[in-house]
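# Structural description and commentary
Now for the letters of each chain:
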Amino acid sequence: MDRDSRSPSYGGARDLMDLWSQLLARKSRPKVRQLARQAQISAGYVSEILGGQKTPSPDVAERLAAALGATPVETRLARFYAERAQDDPKPPARVPVAHYSVQTWSRAVPPAETLIENGMALSALLAERYEVIDFFGRSDQLRELGTWRDGRDDITAKLITGAGGEGKTRLATYFARQSKGWVVAEAFHGTQPHRPGRAVSARRVSQARGLLLIVDYAERWPLTDLLDLVNDPLLATGVPVRILLIARSGGTWWNVLHTRLEKSDVIADHMPLPRIAPGRIDRLAVFDAARDRFAELLGMTEFQGISPPSSLLENAGPGQVLTLHMAALIAVDAKKHGIRPPTDPASFSRHLLERERDHWYAMHDKPQNRLPTPPSVMARAVFAATLTGPHDWDYGISVLNRVGIGSDTSPEQIVDDHAICYPPADELAVLEPLYPDRLAEDFVALQIPGHGVPGPSDPWASRAVQRLLPTLEDPTPTYLPRLVSVLAEAAGRWPHVGRSQLFPLLRTRPRLAFAAGSAALAAVASLPDIDVEVLEAIETEFPSNWHSDVPAGIAAVAQRLTELRLPTTDDRGRAFLYARLGKWLGEAGLYERALACSTKAAEIHREVLERNPRTSAGGLAAALRNQARDLAVFGRHEEALHAAREALRLWQQMPQDDLDVYQHHVGQGFQALSLALSELGRFDEAQAATRSAAEIYEQLAVRDDSFETYLAGALHNLGVDLARTGKYEEAAASGQRAVDIYQRLLPRDGSVEPKLAAALMSLGNHLSALSQQESAVVAGRNAVEIYRRLASKNTAVYGLQLGMSLYNLATTLFGMHERAESLKSAAEALDVLRHLAAADPAAYASSSTMMLAKVGCLFLNAGQFDDASVAIREAIHGPAAHYLRRSKRHSRDFAEALLQFVAICARDRCELPVALDASTEAVRMLESLAKTHPDSTSDLARAKSIVAKLTAAIGSESVG
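Residues numbered from 1 in each chain as written. Predicted model: local features only at pLDDT ≥ 70, side-chain atom pairs only at ≥ 80, totals over all residues. Heavy atoms only, no water.

An unreviewed UniProt entry annotates the protein as Tetratricopeptide repeat protein of Planosporangium thailandense.

Okay, structure coming up:
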């Protein structure tokens, strides 16, 4: 299913896109400018039409179809589709922008001989897309992949990692061709220009053995987009799904994704690629096979005496396959031209890049069909293409103008000539990068002055990097993640790239690292010679409001900073570093590592105290509070309570030299204790702890109004705890005070607005419980208004609260017999919850499903049976249900939704068998849950009672 926002999904526009795809598939690499001249439109407009961004007029569609070699019938069809497209319905408002597309996997490999015939450079013989060398070895990995694919699990993911040139993509390609009977698809991120391919239909997937989905460069995807992909409805067609991720390395980004996948009950594992040729004989076999093929293509008949350098047979280094292939190609080429080949693997790239330049000179100087672009200018175009990746025509021209390529040759001519040297994989794109990646990164490094090895460099390159950075006119260029990643990879092998470009850049503009994304952040953090000042500059920009795509990168930076600082820090400093790292790891969802850090921090503080009892215990208390938080994540509530109690005791025993600081710590200790007690269901004790915290902050706020925020938070929590024990009048009084404080603070501190909304929602619930419906409605409407405003800016953070506040308001209005307004609020809650459940089932499955069921019950009580049926059926059959059905953690929630569904079905005797099936499924889920959660036995008994009644009802009907 193609979810790329470039591809229209309506009537004539969709048909027109299908026609363009068919015509492009028949036409061999059409030039955009040539099509533009024939169709009498601009080159940029051609790119937009063929890319699905614009729908042409019927006249333009007809001319463009003719330019693409359409038959008379196809030309008439183009006009007809364009006319129909003018009447297409507009896309619905608020449709989320798709950040990826899923297309049928295909690999049309041209004969290798045509690469030579078309005059392409030597580097093309090494590019993965041309598959010049037959696939070799990897039998163990193919066996592992086959076992993984054919397993019994519903949905699993596997990450393949290896250095650039180790053969990751070739392995995936070979495996895909072996997967007979499976639908093989590939996913592209929205920032990766690619030729629109054939969509993958859910029906085709449902009839296959399974779906194998390949994601290359997975480390460059934002986390949220990878999670969206995993939860795409295409992956919920009832057949096994295997997601094959390909990346250079795992590390923090993979740990974060692995954790999130586990939450979704998606089994995921990591397969690092071992060296394909571990021994001398194996390496010689790889070299000989490549040598023979290259010699054949280059017309060499005397090649048997060509052998690899002895040092290469001892150790080919990282990216072993590519290194051996490079050595073979260089040896054959050197033999052909009567020159001595380099024997040092570090010189291989330099030699091939020299031959690349020779190719540009040859193309520029040949007597016929010469390329007007001078070789020095071509080098600059290749540099820009490598840093920015392929683009559509207009943006490609703008990139060349931006870097100031410095030539009398027009940018349009340069783009055309570059496409002859480096044909784009997508005919609609320009500025195809140099491949393989490692060769391209070495080219970038050698263009930048300061490498200290023989060969040309260009001072212009340093300025070009600066000119590619964000500007006011283009604050977030789409190529920024690639630019930073390429510089980081190059800096790993060429230290001068870090010293002269990357490090100064990030030292002065550290926010660029965040704009580049988590993968780029992690790549920078992993550089062996990274300057600690650079990481500290990035650290100063750690965001206070987390976005789910950057915590993995931030955690990687925090981890590296901690490693660099630990050796020069005393024990108390080490404990602080572990505590701080634990915070970032927790924010990234790396909870096990976060708990390990908070535990380590507590251990160090405890050791310091044992050695010197006069040392302040505040550090240990803070570490224990963090440990209690991290233990609670794993349901280890008794241990969390023990840690919270000790933290509070330590704070209470501290000297009261600074009364405000002392009381603040004690107040925080009571809050942590209250949370731990609540998790254990000890609400009376939790209430007493929260009351103590509120009393402390009452005193602090009198002396210093900066503590009023803490007072309001304690009062809000106290109200919630009081309501849990049925003390609604006290709860409402405490909640009202919290609201009053937040409202007073809001004009000078906008950060309290979300806290105000939460306090208003709780207050509405307390007032509703006291039958003060009018006041409850006022509070509820105010909460909805704030959450609606907040969710419009950040749905991921505030969407669920908006849905809950709308439901609460609907319930209150219903109790006041304001049914029309109540149902309107309930309908809006449904829209919000549907959006959340579809966007991220793992995060919102339980909450959205239960809220959908509750809204359905509200419709049911209002006599709106059709609406009730839709809501509750959606709760158990919608996107979230696909996740919940395989989630053990949400068994109780889903079982409750099933029982609500039973109530709907039981109204119609014809649906009694459906109701029985649903209630039986609920029993099955609750029986499994009761083995580990005895508190669910009452739910199980209720479900069994319903099954018995339905069985009896169906039996009596059969007898009758």
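## Side note on the packing of helix H21 (residues 480-493) against helix H24 (residues 518-525)
Direction vectors running N to C along H21 and H24 enclose 20°, while the axes themselves pass 9 Å from each other. In terms of orientation, H21 lies roughly parallel with respect to H24. For the pair H21 and H24, the crossing hand works out as left-handed. Across from Pro481, Val484, Ser485 and Ala488 in H21, the residues of H24 making contact are Ala520, Ala523 and Val524. Its residues assigned to classes, the contact of H21 with H24 comprises 6 nonpolar, 1 polar and no charged. (Axes fitted to C-alpha atoms, helices over the stretch in contact; angles between N-to-C directions. Helix = DSSP H or I, 4+ residues; strand = E, 2+ residues; numbered from the N terminus. Parallel < 35°, antiparallel > 145°, perpendicular 65-115°, else oblique. Left-handed = near helix turned anticlockwise from the far one by under 90°. Contact = heavy atoms within 4.5 Å. Nonpolar A, V, L, I, M, F, W, Y, C, P; charged D, E, K, R; others polar.)

## Details of the layout of surface pockets
Estimates place the volume of the second largest pocket at around 1,000 Å³. As for the second largest pocket, its lining consists of 41 residues, of which Ala163, Arg248, Glu489, Gly492 and Arg493 are closest to the centre. At the level of elements, helix H11 (252-263), helix H14 (320-337), helix H19 (437-447), H21, H24 and helix H26 (551-565) are the ones that each hand at least two residues to the lining of the second largest pocket. Here the element with the most residues in the lining of the second largest pocket is H21; it accounts for 5 residues. (1 Å grid on protein atoms, 1.4 Å probe; cavity = no way out; pocket = protein on both sides within 12 Å on 5 of 7 lines; lining within 4 Å. Points joined across faces, edges and corners; volume = space filled by probe spheres on them.)

## Regarding the sheet that holds strand E1 (residues 100-104)
Ordered in space as E1-E3-E4-E5-E2-E6, the 6 strands form an open sheet in which the pairing is mixed. The open sheet has two edge strands with one neighbour each: E1 and strand E6 (267-272). Adjacent strand axes in the sheet meet at a mean angle of 20°, parallel and antiparallel pairs treated alike. Of the strand pairs in this sheet, strand E4 (residues 210-215) and strand E5 (residues 241-247) are connected by 5 bridges, and their pairing is parallel. Within E5, the residue paired with Leu211 across the bridge is Val241. Packing against the sheet, helix H8 (residues 168-178) makes contact with strand E2 (155-161), strand E3 (182-189), E4, E5 and E6, and its axis sits at approximately 160° to E5. (Pairing = 2+ DSSP bridges.)

## Describing H8
Counting buried positions along H8 yields 8 of 11 residues, so the element is predominantly enclosed. Those residues of H8 lying buried are Lys168, Thr169, Arg170, Leu171, Ala172, Thr173, Phe175 and Ala176. Where the residues of H8 are buried, they touch helix H7 (139-149), E2, E3, E4, E5 and E6. (Buried < 20%, exposed > 50% of the residue type's maximum accessible area, 1.4 Å probe, protein only.)

## Re H7
Turning to H7, its buried residues number three or more, namely Gln141, Leu142, Leu145, Gly146, Trp148 and Arg149. One face of H7 carries all of its buried residues, which in axial projection span an arc of 160°. Residues of H7 that are exposed and angled more than 90 degrees away from the buried face: Arg143 and Thr147. (Arc of directions from axis to C-beta.)

## Quick notes on the environment of Leu806
Positionally, Leu806 belongs in helix H37 (residues 795-815). Residue Leu806 is classed as buried on the basis of its relative accessible area of 1%. Those residues in contact with Leu806 that sit more than four places away from it in its chain are Val784, Arg788, Ser825, Glu828, Ala829 and Val832.

## Some thoughts on the confidence of the model for the protein
In this model, the protein carries an average pLDDT of 84, and 89% of its residues clear a pLDDT of 70 or more. pLDDT under 50 marks residues 1-10. Its contacts with residues more than four places away, or in other chains, come to 36 contacts. Every residue in residues 89-98 scores below 50 in pLDDT, and together they form 8 contacts with partners more than four places removed in sequence or on other chains. (pLDDT = per-residue confidence, 0-100.)

## Considerations on the pairing of E5
Walk down a regular strand and you will see the side chains alternate between the two sheet faces. Counted residue by residue, E5 has 7 buried out of 7 residues, so it is predominantly covered. Burial along E5 is two-sided: Val241, Ile243, Leu245 and Ala247 and Arg242, Leu244 and Ile246, pointing in opposite directions, are all buried. Across 7 bridges, the pairing between E2 and E5 is parallel. Pairing of Ala157 across the sheet is with Ile243, part of E5. Traced from E4 through helix H10 (residues 223-230) to E5, the parallel crossover comes out right-handed. (Right-handed = clockwise from strand over helix to strand, strands pointing away.)

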